Protein chains: 2
Amino acid sequence: MARSMHVRRPATLASLAAELGVSRTTVSNAYNRPDQLSPELRRRVLDTARRLGYPGPDPVARSLRTRKAGAVGLLLTENLSYAFRDPAAIGFLEGLALACEDAGTGLLLVPANPEREDVASVHRAGVDGFVVYSVPDDDPHLAAVLERPVPTVVCDQPDLGTVDRVGIDDRGAMYELAQHLIGLGHRRIGVVCMRLARDRNDGFVTPDRQHAAHFHVQRNRLSGLAEAFSEAGVDWSQVPVVERFDHNTASGASGAAQVLDRDPQITALICTSDVLALGAMTEAARRGLRVPHDISVTGFDGIRAGEEAGLTTVRQPVLEKGRAAGKLLLDANERSRPRSVNLATELIIGKTSAGPRGGAEERWFGP
Amino acid sequence: MARSMHVRRPATLASLAAELGVSRTTVSNAYNRPDQLSPELRRRVLDTARRLGYPGPDPVARSLRTRKAGAVGLLLTENLSYAFRDPAAIGFLEGLALACEDAGTGLLLVPANPEREDVASVHRAGVDGFVVYSVPDDDPHLAAVLERPVPTVVCDQPDLGTVDRVGIDDRGAMYELAQHLIGLGHRRIGVVCMRLARDRNDGFVTPDRQHAAHFHVQRNRLSGLAEAFSEAGVDWSQVPVVERFDHNTASGASGAAQVLDRDPQITALICTSDVLALGAMTEAARRGLRVPHDISVTGFDGIRAGEEAGLTTVRQPVLEKGRAAGKLLLDANERSRPRSVNLATELIIGKTSAGPRGGAEERWFGP
DNA sequence: AATTGGTTCTGAACCGTTACGGTCCTTTCA
DNA sequence: TGAAAGGACCGTAACGGTTCAGAACCAATT
């Protein structure tokens, strides 16, 4: 129809009004409040709009006037590819997108390139609010978001006290998982965790680095482990903890290898994510170690692939987390005090954890 | 720092300028063109900005003035959940997001709720362009996008002639896959395809519905099959083709069941996606049919899980598709004639296709 | 005839910013 | 010493809408 009409000067509300001999208000009403003008006039407005190739009120101008952008921004993990390959992140994204769809709101993925510390993208985002998902707590993008005068919900982040928050009890959940392993008799363990800070550090982690970790989630999971095993009499400072920057099964495998090289006697390998755990299981198999007979392996998240593998893990409601974040943001009605939502997790005892080889639970009194 | 400063009246560029006794332009320059004013003044501007709690130039007002939104819109499949659970869609999203990140552009997910035909979300999206991914060609949202005076790239969509397009040769790729099966000796086949239109039709598909399918991709894949098998002397109108609205392995399984119930003698089950094919394999196993000995199963897409299962399929570069779409959109420099990009696909012959049971290739001359 | 009430449409005031085309003042250089 | 160049800053005019308090009109009521 009206395809190449916008050659000379793209029609505007004003030009349309002039053409019709009515006021701009009337044209605006024709689009936004049909009950405010007679049906005939409205039809006439819409018809000439089509004739002139007027595409309807400009969204940006409207946003400026109404002070509503009709979108929320999502500040994602720095490296997009890792986000889109992490099942947990995708689940979160889905939940958030669903909440947005319900509210008829757009969802703007804000680029947060870590290399050029380009905070401009945050400043340039025309949104009514932000959701921040699992970024390091010293990320400049996060700081930039907090400076924007819009409601914000942080996810998997420490409670900032000033903005809404949704997350889980990472520390408690991991503590519980650790108790499970301790109950089985494990005392000599190794850990593979995701990256703890913005810098790449593929290798062993000192207790200092654990405490200072900038990723809230990882810090708390490690801390839950440390607490439980310390209580069980294990000297945490002697437990090999290996960090991997990249989050994929290959990292899980190489991390597991590094731990096992250091101490081949460990009876349990605890990973802070299912993806890492799946990689660790590959590495165990490569070494001829049977899971769980020779070694137990655990994960965290409760992703589909882990479930299929019978992984012992902590299931967290990733989709619900996204949805909760969206809801929290979208009904930020009154300036109530910041809300903090903790979602429930569930310890899943699968087929990858058992008593240690030769341990009490599996001692074999055979001939 | 300046947290609850915006109680009275959120500071603006103008108020800041007034406070400082300089012009608005100067304040604007302090943020956007630091070289246009002396460092001292700039510092003074920025300092008082902080003091007054001025968060920097309003993105929406800036967008209005510069006529750049700094974001591109993505019109996704109607049902968000299915999109986020389809590995191919996620790959596309990743590629697109990467292209956007490279360009420092945001990516706005535009809600396209199919129930309420709410095209307003498209009108309300403040974007510099649109990418349309695999929607039915009669989708009102698509029509609304095409009315917007911004560059657009359609994906997995018929060539509209008026906007850029990126896709693959679905028809040719499926023709090639069909040739592979024909070469193995298959003549009695069944098909499970994704939904062909906006209405739900879980069941057999008439040839009419195949031709009239509103999903370009599915239409062409079926058409490639029909052509190849017709050439091989198969009466296509007798081939059982089953459609499934939902796109998941459960649908693949139930679709396969429906086909096999109709004709238990088929030697090959062709699915128009890997996800469906994986479900079909489950159903085959459930019936005690060995793949490929008793029945061949093929997919389309080349997703990871299919690869691990050794699925015979057509691999398409989903990530590259997204990236290509982004690039096309982001350097829509001159009003050149609309571009059309076809990406290469690759026929992957896996372990799920073989000659038909008792067929020439596998005739068993046993003892 | 004046009042009331209900539609329908208008005027003008914003929304917060940047583009554009200056002016003014200080250096620099022949 | 006068002209040219350049740096620093300013005023105005958009950018394209929405909104609210009326105005104009007409019919019905008092």
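Identification of chain A as DNA-binding transcriptional regulator, LacI/PurR family from Lentzea jiangxiensis is taken from an unreviewed UniProt entry.

As a further point, take the interface of chain A and chain B. The interface is formed by 45 residues belonging to chain A together with 45 residues belonging to chain B. Both faces considered, chain A and chain B share a buried interface measuring about 3800 Å² in area, 63% of it formed by carbon and sulfur atoms. When the buried surface of chain A facing chain B is broken down by residue, A:F84, A:E94 and A:E101 rank first, second and third, together holding 15% of it. Where chain A meets chain B, there are four salt bridges. For A:R85, the salt bridge is made with B:E94, and the minimal N-O distance between the two is 3.0 Å.

The subject of this paragraph is the protein's contact with DNA strand D. A:L13, A:S28, B:T25, B:T26 and B:R65 are the nearest of the 29 residues found near DNA strand D. By atom count, sugar and phosphate contribute 57% of the portion of DNA strand D lying within 4 Å of the protein. Take the surface near DNA strand D: its biggest share by element is five residues, from helix α4 (residues 59-66) of chain A. The residue inventory of the surface near DNA strand D, partitioned by class, reads nine nonpolar, 12 polar and eight charged.

Grouped together as the largest cluster of nonpolar side chains are 108 residues, with contacts concentrated most on A:L74, A:L107, A:F229, B:L74, B:L107 and B:F229. Beyond its immediate chain neighbours, meaning those up to four positions away, B:L107 contacts A:L107, A:L108, A:L109, B:V72, B:L74, B:L93, B:L96, B:A97 and B:C100.

Bringing the domain arrangement of chain A into the picture now. All names here are of chain A. Here chain A is partitioned into domain 1 (1-55), domain 2 (71-168 + 319-342) and domain 3 (170-317 + 347-362). Its C-alpha centre places domain 2 at a distance of 28 Å from the equivalent point of domain 3. The interface of domain 2 with domain 3 comprises 20 residues on the first partner and 18 residues on the second. Buried surface at the junction of domain 2 and domain 3, summed over both partners, amounts to about 1700 Å²; 53% is from carbon and sulfur atoms. Seen at the junction of domain 2 and domain 3, the total is two salt bridges. Residue D138 is joined to R198 by a salt bridge in which the shortest nitrogen-to-oxygen separation is 3.8 Å. There are 10 residue pairs in polar contact (both at pLDDT 80 or more) connecting domain 2 and domain 3. Elements supplying a minimum of two residues to the side of domain 2 that touches domain 3: α6 (87-102) and α15 (318-330).

In the vicinity of DNA strand C there are 29 residues, among which A:T25, A:R65, B:L13, B:S28 and B:Y54 approach most closely. What you see for DNA strand C is that sugar and phosphate hold 61% of its atoms within 4 Å of the protein. B:L13 is positioned with one of its backbone polar atoms (N or O) 2.4 Å from a phosphate oxygen of DNA strand C. Breaking the surface near DNA strand C down by element, the ones donating at least two residues are α2 (24-32) and α4 of chain A together with α2 (24-32) and α4 (59-66) of chain B. At five residues, α4(B) tops the list of elements feeding residues into the surface near DNA strand C. Partitioned by chemical class, the residues of the surface near DNA strand C number nine nonpolar, 12 polar and eight charged.

Residue and element names in this part refer to chain B. Residues of strand β8 (residues 241-244) alternate between two faces, with V241 and E243 on one and V242 and R244 on the opposite face, all of them buried. Where strand β6 (residues 189-194) and β8 come together, four bridges link them in parallel fashion. In the sheet register, M194 faces β8, and the bridge partner there is R244. Bridge count between strand β7 (residues 203-204) and β8: two bridges; the pairing is antiparallel. Each residue of the ladder has a partner; that of G203, found in β8, is E243.

So, on to the relation of the copies chain A and chain B. Placing chain A over chain B gives an RMSD of 0.1 Å and needs a rotation angle of 180°, together with 0.0 Å of translation along the axis. Classification of the inter-copy transformation places it as that of a two-fold axis. Using C-alpha coordinates, one finds that chain A approaches the rotation axis most closely at A:L108, a distance of 2.1 Å.

Scanning all chains against the criterion turns up 47 salt bridges over all chains. One salt bridge connects B:E243 with B:R209, and the closest N-O pair in it is separated by 2.7 Å. Residue B:E243 is found in strand β8, and its partner B:R209 is found in helix α10 (residues 207-211); the two are separated by 34 residues along the sequence. One exposure class covers both B:E243 and B:R209, and it is buried. Through salt bridges with shared partners, one network takes in A:D261, A:E283, A:R286 and A:R287.

Thresholds applied
- Residues numbered from 1 in each chain as written.
- Chains lettered and ligands numbered in written order.
- Predicted model: local features only at pLDDT ≥ 70, side-chain atom pairs only at ≥ 80, totals over all residues.
- Heavy atoms only, no water.
- Contact = heavy atoms within 4.5 Å.
- Buried area = accessible area lost by both parts, 1.4 Å probe.
- Salt bridge = Lys/Arg side-chain N within 4 Å of Asp/Glu carboxyl O.
- Near = heavy atom within 4 Å.
- Helix = DSSP H or I, 4+ residues; strand = E, 2+ residues; numbered from the N terminus.
- Nonpolar A, V, L, I, M, F, W, Y, C, P; charged D, E, K, R; others polar.
- Core = buried A, V, L, I, M, F, W, Y, C linked by side-chain atoms within 4.5 Å.
- Buried < 20%, exposed > 50% of the residue type's maximum accessible area, 1.4 Å probe, protein only.
- Domains from an automatic or database assignment.
- Polar contact = N/O pair within 3.5 Å; in protein donor to acceptor, adjacent residues only side chain to side chain.
- Pairing = 2+ DSSP bridges.
- Least-squares fit on C-alpha atoms with pLDDT ≥ 70 in both.

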